[in-house]
Amino acid sequence: MSTSAETLARTGGKHISHVLFSEEQIARRVRELGEQITREIPEGEDILVLGLLKGSFIFVSDLVREIRRPIEVDFLIVSSYGGGTESSGEVQLLYARQASIEGKHVILVEDIVDSGTTLNRLIPMLEKRGPKSLEVAALLHKHIAKEMVRDAKWVGFDCPQEFVIGYGLDHSEKYRHLPFVGVIEP
Ligand code: PRP
């Protein structure tokens, strides 16, 4: 695939081997997810959208604008990968909001469900804080996790088993700002 000059300017000359989900496809799908979430979350109750940093920052900002309900927005910081491309299996909660999530309908927003380790470790931690409900919205899902304590209720796209970057997803902290999801040339 030929990489556009605009993308090369963003990647510092690194080529994209292929685009998996274009900017337009993502925008369409995020709109659909927002409509679906609006229909499916209860009316008249406290809704908290909790984005997992850093990967979900773009998805959260696009998704919340498509949810036609009163909501609160906050973020969690967890870290499960080091600088490389393999999951270490460790999940650390580095920041969590001080305000209570008790009694709220919490929508946990992930950019990608890969091995499932992050959600498997995080969901029990959040459940202990007594949310009224806790569901996951993920832009991408690899469907490779053998067991999930709670699978994502809302999924943007099924993702192939490749190392994907863009729209929030990084490789060693680079490429998060690309407007599409793709695979970078090795
Ligand atoms: C990535 C990604 C997900 C998680 C998914 O986060 O953003 O949160 O890994 O992988 P898993 O299903 O195998 O646990 P990462 O720890 O790389 O941090 P980041 O969001 O800051 O990039």
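Here, every reference points to the structure presented above.
Because the structure is predicted, anything quoted here is derived from the model rather than measured.

A. The environment of Leu 53, seen in detail. In this fold, Leu 53 is placed in strand 2 (residues 47–53). A C-alpha to C-alpha distance of 9.2 Å links Leu 53 and Val 109, two positions 56 residues apart in sequence. The residues touching Leu 53, leaving out its near neighbours within four places in the chain, are Phe 75, Leu 76, Ile 77 and Val 78.

B. Quick peek at the side chain of Thr 38. In this structure, Thr 38 sits in helix 2 (residues 23–40). A polar contact is formed between the side chain of Thr 38 and the backbone nitrogen of Arg 68, at a distance of 3.1 Å. Look past the residues within four positions of Thr 38 in its chain and what remains in contact with it is Glu 66, Ile 67, Arg 68 and Arg 69.

C. Spotlight on helix 2. With 18 residues, helix 2 should reach 26 Å at 1.5 Å per residue; the first-to-last C-alpha distance of 26 Å fits that figure. Listing the buried residues of helix 2 in full gives Ile 26, Arg 29, Val 30, Leu 33, Gly 34, Ile 37 and Thr 38. The inward-facing, buried residues of helix 2 abut strand 1 (16–21), helix 3 (57–64), strand 5 (105–113), strand 6 (133–141), strand 7 (154–158) and strand 8 (181–184).

D. Looking closely at the packing of aromatic side chains. This model, assessed by the stated rule, comprises one aromatic pair. Here Phe 21 and Phe 157 contribute two aromatic rings whose centre-to-centre distance is 4.2 Å and whose plane-to-plane angle is 20°, an arrangement assigned as stacked. On the criterion of sequence distance, the pair formed by Phe 21 in strand 1 and Phe 157 in strand 7 is long-range, its members being 136 residues apart. For Phe 21, a relative accessible area of 9% translates into the label buried.

E. Examining unusual backbone geometry more closely. The omega angle of the peptide bond from Leu 53 to Lys 54 is -5°, so this bond is cis rather than trans. Mapped onto the secondary structure, Lys 54 falls in the loop between strand 2 and helix 3. Even without glycine at this site, Tyr 175 takes up a positive phi of about 75°. Its location among the elements puts Tyr 175 in the loop between strand 7 and strand 8. In this structure Tyr 175 comes out as buried when scored by relative accessible area, which is 7%.

F. Region of interest: the side chain of Thr 11. Take Thr 11: it is sitting in helix 1 (residues 5–11). Within polar-contact distance, the side chain of Thr 11 engages the backbone oxygen of Lys 14 at 2.7 Å. Setting aside chain neighbours within four positions, we find Thr 11 in contact with Ile 16, Tyr 175, Leu 178 and Ile 184.

About the cut-offs
- Residues numbered from 1 in each chain as written.
- Predicted model: local features only at pLDDT ≥ 70, side-chain atom pairs only at ≥ 80, totals over all residues.
- Heavy atoms only, no water.
- Helix = DSSP H or I, 4+ residues; strand = E, 2+ residues; numbered from the N terminus.
- Contact = heavy atoms within 4.5 Å.
- Polar contact = N/O pair within 3.5 Å; in protein donor to acceptor, adjacent residues only side chain to side chain.
- Expected span 1.5 Å × (residues − 1).
- Buried < 20%, exposed > 50% of the residue type's maximum accessible area, 1.4 Å probe, protein only.
- Phe/Tyr/Trp six-rings, centres within 6.5 Å; stacked < 30°, edge-to-face > 60°.

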